[in-house]
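# Coordinate analysis (summary)
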Amino acid sequence: MSLTLGTATAQPGEITYGEFDLVEHPLGGSDRLPVILAQGQHDGPTFWLTAGIHGVEHAGIQVIHRLLTPELVRDLRGTIVAIPALNPAGLRTMKREAYYHDGDPNRLFPDGKPPKMDDPDKEPPSALETAYARLFEHIQATANCYLDLHCAATNSISFVFRDRVLFRRDSIARNRARQAKDEHETENRAQAEAVDAKLGEMCAAYGHSVVNEFPVEKYLDEKLHRSTTSAAVNVAHIPALTAELGTGHMPDPHIVRASVAGLRNVMRWLGMLSGDPEPITGIKVVHPGFPCRRRAVARVPQACIVHHLVEPGDVVKVGDPLCELRDVWGRSLNEGVLRSEYDGWIISRTHGIVHYPNEATFSMAIRDDGPMVGPYPDDYFKN
Ligand SMILES: [Zn+2]
């Protein structure tokens, strides 16, 4: 049960606080991650919980504050490791990114390849990427389960992203015989399928709506395999989910409460708390009857103003009207409406109503018949 992260050391039956060194500033001082360790009196799993890697997404901080109480610790088996502010620079400036790393901070976690330090024409890892790699070593060494708290878009409903699970076809040892390589692939696939099965159980335990991440090719293109939770799933083989908690800069108290309840239910699934799952109330939970993945949809055919006709959480079918298209004077354009090309449900409207041609007007969860487990491209680890 001994667990130390930065300056915090877990104590049975207590909540302890500390800091983890992140990035040194050139003009003095540094950014440190706040660390909270909540440990029960009895042995049990270690559950990591993080928030605030995108500086405009604030609800997760409140979720962590409201979850970690003395009452929770009294009943707890095992340890919760919580970091409520993974990107202090972004939170401080209310920007998605940190001002000392040009790019999405949630695409910096390890992908299992060694960092490329030997090509002078390529940028070496930034200070933030190096720091997250250090943090990830602790996740890999201690976590049995991990959940990272985000927010999707203004007025989006609460849901979780379920990552695709990748496996290596090639043998890590290059000189193995063909038979050994095939055995290795079978073993790797079995391990990936086992993690994917745990992800399904974890989604059910949390009890909010579920959206699968993009299919493997787009998932890799978007560098989503280098998110916090994908690194946990695909490099460390730890069940991990990304929770999306509605509007980022204006947390909805109903979603915050429902997330706290969902997290306690995940802990019941892990055996960290006893008792039956508590009901998830006060939010929309969509059960469309089939698995769904995300897609930006209802792209406008011409420059226009849109009037949305459906709400986040609405279930829609192929052919249902999604939005009206008008010119700036209010006159109908095209055939007047854009209709859904898909069965599924509405995650959110895109921000704004003033659109150029080809811009999407909704983020939607559409029917997903694709596999949740798939191989890395054959050359992935060779480049
Ligand atoms: Zn986010």
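Preceding this section is the structure that the text describes.
Below: a short report on this structure. Keep in mind the model is a prediction, meaning the values are calculated, not measured.

## Looking at the overall build of the protein chain
Secondary structure summary: the protein chain contains eight helices and 20 strands in total. Over its C-alpha trace the protein chain gives a radius of gyration of 22 Å, about what one expects of a compact globule, namely 21 Å for 383 residues. C-alpha atoms of the protein chain, sized along the principal axes, occupy 65 × 55 × 50 Å. Across the 383 residues in the protein chain, those meeting the buried criterion constitute 51%. Of the contacts formed within the protein chain by residues at least 6 apart in sequence, a portion of 76% connects residues at least 24 apart. Working note: accessible area of the protein chain is about 17,900 Å², and carbon and sulfur atoms make up 50% of it.

## A look at the coordination of the zinc ion
With distances of 2.0 to 2.6 Å, the protein atoms coordinating the zinc ion are H54 (ND1), E57 (OE), E57 (OE) and H150 (ND1). One can describe the donor arrangement at the zinc ion as irregular, given that its four donor atoms subtend angles of 55 to 155° at the metal. Each donor residue of the zinc ion lies on one chain, and together they are spaced H-x2-E-x92-H. Of the two residues, E57 is situated in the loop between β5 (42-51) and α1 (59-67) and H150 in strand β7 (residues 145-150); the sequence distance between them amounts to 93 residues. The residues E57 and H150 share a single accessibility class, namely buried.

## Describing the side chain of D104
Counting through the fold element by element, D104 comes out in the loop between α3 (88-93) and α4 (127-142). Among the polar contacts made by the side chain of D104, one reaches the main-chain amide nitrogen of N106 at a distance of 2.7 Å. Sequence-distant contacts of D104, defined by excluding residues within four places in its chain, comprise H54, R96 and E97.

## Here we look at the side chain of T361
Here T361 lies in strand β19 (residues 360-367). What makes T361 buried here is its relative accessible area of 0%. Within polar-contact distance, the side chain of T361 engages the backbone oxygen of A298 at 2.7 Å. Non-local contacts of T361, meaning those with residues more than four positions away in its chain, are made with V297, A298, V300, V306, H308, C323, R349, T350 and H355.

Here is what the cut-offs are and how they apply
- Residue positions are given per chain, counting from 1 as you read along its sequence in written order.
- The predicted origin of the model limits local features to residues at a pLDDT of at least 70 and limits the giving and counting of side-chain atom pairs to 80 or more, whereas totals for whole chains, interfaces and linings rest on all residues.
- Each side-chain value is worked out from all heavy atoms of the structure, with water and hydrogens disregarded.
- Numbering of helices and strands runs from the N terminus; a helix is a DSSP stretch of H or I covering at least four residues, while a strand is a stretch of E covering at least two.
- Radius of gyration: C-alpha atoms only; globule rule: 2.2 Å multiplied by the number of residues to the exponent 0.38.
- Think of it in three bands: residues with accessible area under 20% of the maximum for their type are buried, residues over 50% are exposed, and the middle band is partly exposed, with areas taken using a 1.4 Å probe on protein chains only.
- By definition, residues are in contact when any of their heavy atoms lie within 4.5 Å.
- Each accessible area is a Shrake-Rupley result for a 1.4 Å probe, and residues are judged covered by the shown protein chains and nothing else.
- Here the term donor refers to an N, O or S atom within 2.8 Å of the metal (or 3.2 Å for Na, K and Ca), and because water is left out of the atoms, sites may appear incomplete.
- Working rule for geometry: tetrahedral if four donors all subtend angles between 85 and 135 degrees; square planar for four, octahedral for six, if opposite donors exceed 155 degrees and the others stay between 65 and 115; irregular in every other situation.
- By the criterion applied in these results, polar contacts are pairs of N or O atoms within 3.5 Å in which, for protein atoms, one can donate a hydrogen and the other can accept it, and in which residues neighboring in sequence qualify only through two side-chain atoms.

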